[in-house]
Amino acid sequence: LPNGIGNLVNLRQLEFEGCSRLECFPRGIGKLKDLETLTKFVVSGEGSDIGELKDLNNLRDLTLIFNDDDDDEAVKSAFELLEPHSNLEKLEIDYYNGFKFPSWMEFPNWEGRSIMLRRLTIRSCKNLKVLPALARLEFLECLELACFNFGSKDISEKMIKDWAVMTSVS
């Protein structure tokens, strides 16, 4: 990607297809205040920091892709600080190596505010032992969990009982 991507301040959609070799983002993505869709943000120790996404209040669709082999504490710390805006409707998290998600995924600071998240995809998070507090997501319509192993075999059954309101679970 060009280093000057942050200069495209009116950009609303940034979609990627067939960009499997993209390893990092240039700095400046946080300047795209009107951005609504970011279909691929590669979380890495180089280039743009995940914290740059924090103030993108118009973002409705976000995909975070971590390096599957990355066990970098700095990356996990940055993920902890992200906390996207409550208007986010679609969130996908791929290849996160942590044992649990950041505390903001327990949605503690969103008390009294509607969380608009309608679709959540968690894929290939091989070390994950604890799911976030998904029961707080009153508008969640689709939950996709794929390619990882939970610490408890009973967690899937409990999860389905807790979120019977959702329109689809895959």
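Every chain begins its residue count from 1, and numbering advances along the sequence as written. Local features are withheld for residues below a pLDDT of 70 in this predicted model, meaning they are given only at 70 or higher, and side-chain atom pairs are given and counted only at 80 or more; totals for whole chains, interfaces and linings count all residues. Here the side-chain values reflect all heavy atoms present in the structure, with hydrogen atoms and water set aside.

- As named in an unreviewed UniProt entry, the protein is R13L1/DRL21-like LRR repeat region domain-containing protein, taken from Kingdonia uniflora.

So, the side chain of T63
- Helix and strand labels come from DSSP, where a helix needs a run of H or I of at least four residues and a strand needs a run of E of at least two; each type is numbered from the N terminus. Along the chain, T63 falls in strand β3 (residues 61-66).
- Within the local environment of T63, its side chain forms a polar contact with the backbone oxygen of T39, the two atoms lying 3.2 Å apart.
- Residue contacts are counted whenever heavy atoms from the two residues lie within 4.5 Å of one another. Setting aside chain neighbours within four positions, we find T63 in contact with L38, T39, K40, F41, E92 and D94. Contacts described as polar in this section are N or O atom pairs within 3.5 Å, which, within protein, must combine one atom able to donate a hydrogen with one able to accept it, while residues neighboring in sequence count only if both atoms come from side chains.

Regarding the pairing of strand β4 (residues 90-94)
- Exposure is judged per residue with a 1.4 Å probe applied to protein chains only, and the accessible area is read against the type maximum: over 50% gives exposed, under 20% gives buried, and values in between give partly exposed. Of all the five residues making up β4, four are buried; the element is thus mostly covered by neighbouring parts of the structure.
- Two strands pair if DSSP finds at least two bridges between them. Sheet topology note: the β3/β4 ladder contains five bridges and is parallel. Its bridge partner being in β4, L62 is matched across the sheet by L91.
- Relative to strand β5 (residues 119-123), β4 runs parallel, the two being bridged by five bridges. By the bridge assignment for β5, I93 is matched with I122.

Thoughts on the environment of D94
- Considering the arrangement of structural elements, one finds D94 in strand β4.
- Along the sequence, D94 and V42 sit 52 residues apart, while their C-alpha atoms lie 9.6 Å from each other.

Considering the environment of E36
- Examined against the element boundaries, E36 turns out to sit in the loop between β1 (13-14) and β2 (37-43).
- A residue is classified by how much of its surface remains accessible, and E36, at 27% relative accessible area, is partly exposed.
- Residues E36 and L11 lie 25 residues apart in sequence; the distance between their C-alpha atoms is 8.5 Å.
- Sequence-distant contacts of E36, that is, excluding residues within four places in its chain, are made with R12, Q13, N58, L59, R60 and D61.

Some words on unusual backbone geometry
- A positive phi is found at Y95, a non-glycine position, where the angle reads about 65°.
- Mapped onto the elements of the fold, Y95 is located in the loop between β4 and β5.
- In this structure, S124 is a non-glycine residue whose phi angle is positive, near 55°.
- Of note, S124 is situated in the loop between β5 and β6 (142-146).

Quick notes on the pattern of salt bridges
- The salt bridge criterion pairs a side-chain nitrogen of Lys or Arg with a carboxyl oxygen of Asp or Glu, the two atoms within 4 Å. Applying the stated criterion across every chain yields a total of seven salt bridges.
- A salt bridge links K90 to D61; its shortest N-O distance comes to 4.0 Å. Taken as a pair, K90 in strand β4 and D61 in strand β3 lie far apart in primary sequence, 29 residues in all.
- E144 is the partner of R119 in a salt bridge, and the nearest nitrogen-oxygen pair spans 3.3 Å. Separated by 25 residues along the polypeptide, R119 in strand β5 and E144 in strand β6 bring together distant segments of the chain.
- Using a relative accessible area of 31% as the deciding quantity, one classes R119 as partly exposed.
- Under the relative-accessibility criterion, E144 is labelled buried at 16%.
- Connected through shared salt-bridge partners, E92, D94, R119, R123 and E144 make up one network.

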